[in-house]
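Structural features, examined
Okay, here's what each chain looks like letter by letter:
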2 protein chains.
Amino acid sequence: MSLRESELIAWIKDAVEASPAVPGLRVGIGDDGAVLDAGGRDVVVTVDMLIDGIDVVLAECGFRAAGRKAMAKSLSDVAAMGVEPWTAFVSMALPPATTREDAHELVLGLIELARRHGVTLAGGDTKRSPGPLIVDVTLTGRERARPPVLRSGALAGDSIWVTGPLGGAALGRHLTFEPRVLEGLRLNERHQVHAMLDLSDGLSTDLHRLCDASDVGAVLESDRVPLTEAAFELSERDGRSPLEHALHDGEDYELLFTIDPHGDAALANDLVFAAQCRRVGRVTERAAGVRLVGLDGAEPLAAGGFEHTFGGGGDAARNP
Amino acid sequence: MSLRESELIAWIKDAVEASPAVPGLRVGIGDDGAVLDAGGRDVVVTVDMLIDGIDVVLAECGFRAAGRKAMAKSLSDVAAMGVEPWTAFVSMALPPATTREDAHELVLGLIELARRHGVTLAGGDTKRSPGPLIVDVTLTGRERARPPVLRSGALAGDSIWVTGPLGGAALGRHLTFEPRVLEGLRLNERHQVHAMLDLSDGLSTDLHRLCDASDVGAVLESDRVPLTEAAFELSERDGRSPLEHALHDGEDYELLFTIDPHGDAALANDLVFAAQCRRVGRVTERAAGVRLVGLDGAEPLAAGGFEHTFGGGGDAARNP
């Protein structure tokens, strides 16, 4: 019997919510990270697992790039909460053939990127595994000037923005992307962001998630969605339009966020962002659903990104 | 080229310590958990990875027991810091054949034990994996009345205690043990524990770890080491003495701790503990090393517990 990831997570959420509430847990399952309150600043915790054959092809990219990507994915989640990355905890299941040099490369890939974002490795677990390389990175973040930004704060009338062009990450950017940590902090501290998440599973899927969490609808303007060169390149190869790639490919790791439209001009004039950020639509009432508008009018936008399926044979790995 | 786990961790520790210190990280790699200070109570973070074929044999124990053990191992680490378990983050790599029922059983095993210890599942990651079942549990804990207990606080002259009998966990207790959460809290809050860790890799190995962290030596009294029935049962099967099993088997998940000897009587008279806790030796100066004393005199005690080796064929999984 096959099992979709979203179905399993919903089941877990129900099972967990049947338990008594835990003091100090401000936000649990369902956002990019949980928010914990131990009496000082809010602490964000997020976890992301990288598996050889699903998230990377180790034989092609090597151990250092795999380590880098594992750290980058978790950094992207912390970025999406608009807080400062803090400490990392890394569990590694190493295949039997892993050499000392491989292990060192993996760790260097992890800590070089961590260091650049002010993060220290503070713990972990290492084991030999009969299976593929698995690297599970738990990352904490700390509230700086403002509390963490959730997915659930979007309001009808908000503008919807992204931090950069989308599509075709499988051609290479999924290994080299720079997590939008500084952007997330600045958006939170200077631009009164209402809701934010990172685009890991494709704009169409992740926009649905934001709308579901905020109980709103959205209109996406097809001619405003910024496209990467890679989206065009893939389009030439497979005949799907660059826009389709931007909507559904996933692994962009740009931030998707909403702000009050009165802030649009200030954001557009913020020199740090001017070159990359793009307004792509607006938030509507829930009843209007999630729509894509273009020259031909409006149509419903289905979630077309990536979702894991367990136990069936039907899903394909996203990369390559 | 083979690579020992301790060697890899030492390498990582060196690489990490070359980075600038991160504010608010009080204790990093090297203890049962890290200690974070976000301006309120101390927060402990620990992570432990369970792999089918290494930590459990899924085909024999089933998904629920595997989930239970994954949570129990991390709870034991938090117990060893003498703090209150708080929130859990669980990454699961599920083999292709995993059914919906399997996944539910796994999660139930995790959350039933979590709930009993006041812990809520606050996040995680779920993926299909071409390899074995892997469950990686990150657990946070909160300081309650007193700060976390480290491995590094043992003083020459301290008494060394354990919270229960040891040996032969592979016969079944490795799946059913109750993490010593209440014991760890009570030891921290009522008995001024100087140093503490949980016995995961065998008394001989873990005592060396405590001594290394505290820069002390130790004398273990062989006739005081409490033995399980399972240690005797295994002894009859394989001819090794019950004491050897208690010293080297691992996976006992009892707590090993040191206190000022003036507290021995109070601890022995603490009704909550009287039946289980046992004084097993004393802390000495570093130069004396780690020794085992019995009727035949004293001899050096080598670390004989379990350690993972990567890339070689030499290590055996601990269970069974």
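Above this text sits the structure in question.
Described below are features of the structure shown in this document. No experiment lies behind these values; they were computed from the predicted model shown.

It is worth spelling out the interface of chain A and chain B at this point. Accessible area lost during the coming together of the parts is what is often quoted as the interface size. Each partner contributes residues to the interface: chain A has 81 residues there, and chain B has 80 residues. Contact with chain B buries area across many residues of chain A, yet R100, K127 and R128 of chain A alone supply 11% of it, more than any other trio. Taken together, chain A and chain B are joined by four salt bridges. Between R100 of chain A and E7 of chain B there is a salt bridge, with the nearest N and O atoms lying 2.9 Å from each other. At the boundary of chain A and chain B, one finds 21 residue pairs in polar contact (both at pLDDT 80 or more). Put simply, the parts of the chain that give the side of chain A that touches chain B at least two residues each are α1 (5–17), β3 (34–37), β4 (42–51), β5 (84–94), α3 (100–116), β6 (120–128), β7 (134–142) and β15 (309–310) of chain A. The element best represented in the side of chain A that touches chain B is β6 of chain A, accounting for nine residues.

Here the focus is the sheet that holds strand β9 (residues 195–198) of chain A. Residue and element names in this part refer to chain A. Judged by pairing direction, the sheet is mixed, and its seven strands sit side by side in the order β9-β11-β8-β12-β10-β13-β14 without closing on themselves. Only two strands of the sheet have a single partner each, and these edge strands are β9 and β14 (297–300). Between one strand and the next, the sheet's axes are offset by a mean angle of 25°, whatever the strand orientation. The pairing of strand β8 (residues 159–162) with strand β12 (residues 278–284) spans four bridges and is antiparallel.

With that out of the way, let us pick up the pairing of strand β11 (residues 255–259) of chain A. A regular strand places its side chains on the two faces of the sheet in alternate fashion. All names here are of chain A. With five of five residues buried, β11 lies mostly within the body of the structure. Taking every second residue as pointing to the same face, both faces of β11 are buried, with L255, F257 and I259 on one and L256 and T258 on the other. As defined by bridge partners, β8 adjoins β11 across four bridges and the pair is classed as antiparallel. Bridging from a neighbouring strand, S159 pairs with I259 of β11.

Here we take up the side chain of S222 of chain B. Its place among the elements puts S222 of chain B in the loop between β10 (217–221) and α7 (229–238). Apart from the residues lying within four places of it in its own chain, the contact partners of S222 of chain B are L243, L292, V293 and G294 of chain B.

Between the two copies, chain A and chain B, the superposition gives an RMSD of 0.0 Å; the rotation angle is 180° and the shift along the axis is 0.0 Å. On the angle and the small slide along the axis, the relation comes out as a two-fold axis. A high fraction, 99%, of the interface residues of chain A reappear at the interface in chain B, so the copies pair face to face through one surface.

To continue, consider the packing of helix α2 (residues 58–79) of chain A against α3 of chain A. All names here are of chain A. Contact geometry of α2 with α3 gives a least axis separation of 7 Å together with a crossing angle of 35°. Like other packed secondary-structure pairs, α2 and α3 cross with a definite hand, here right-handed. Contacts between α2 and α3 involve F63, R64, A66, G67, R68, A70, M71, A72 and L75 from the former and D102, E105, L106, L108, G109, L110, E112, L113, A114 and R116 from the latter. Split into classes, the residues belonging to the contact of α2 with α3 amount to 11 nonpolar, two polar and six charged.

Here we take up unusual backbone geometry. The phi torsion at Q192 of chain A lies on the positive side, around 45°, for a residue other than glycine. Note that Q192 of chain A resides in the loop between α5 (181–190) and β9. The class of Q192 of chain A is partly exposed, set by a relative accessible area of 47%. You will see that D215 of chain B, though not glycine, has its phi angle at about 55°, which is positive. Residue position: D215 of chain B is located in the loop between α6 (203–214) and β10. Of the residues examined, D215 of chain B reaches a relative accessible area of 52% and is grouped as exposed.

The rules behind the values
Sequence positions are assigned chain by chain, starting from 1 and proceeding in written order. Ligands are numbered from 1 and chains lettered from A, in the order in which they are written. Totals for whole chains, interfaces and linings use all residues, but because this is a predicted model, local features are given only for residues with pLDDT of at least 70 and pairs of side-chain atoms are given and counted only at 80 or more. The basis for every side-chain value is the complete set of non-hydrogen atoms in the structure, without hydrogens or water. The contact criterion used throughout is that any non-hydrogen atoms of two residues lie within 4.5 Å. Note on definitions: buried area is the accessible-area loss of two parts on being combined, 1.4 Å probe, summed for both. Salt-bridge detection follows one rule: a side-chain nitrogen of Lys or Arg within 4 Å of a carboxyl oxygen of Asp or Glu. Counted as a polar contact is a pair of N or O atoms within 3.5 Å, where, for protein atoms, one must be capable of donating a hydrogen and the other of accepting one, and residues adjacent in sequence contribute only when both atoms are in side chains. Secondary structure elements are taken from DSSP: a helix is a run of H or I of four residues or more, a strand is a run of E of two residues or more, and numbering for both begins at the N terminus. Strands qualify as paired when DSSP identifies two bridges or more between them. Here an angle of 0 to 180 degrees is reported between the N-to-C directions of two axes, which are lines fitted to C-alpha atoms, with helices fitted over the stretch in contact. Type-normalised accessible area, obtained with a 1.4 Å probe on protein chains alone, sets the label of each residue: buried when under 20%, exposed when over 50%, and partly exposed for intermediate values. Least squares is the method used to superpose the copies, on C-alpha atoms of residues holding a pLDDT of at least 70 in both. Crossing handedness is defined as follows: a turn of the near helix away from the far one that is anticlockwise and smaller than a right angle gives a left-handed crossing, while the clockwise case is right-handed. The residue classification treats Ala, Val, Leu, Ile, Met, Phe, Trp, Tyr, Cys and Pro as nonpolar and Asp, Glu, Lys and Arg as charged. All others, Gly included, are polar.

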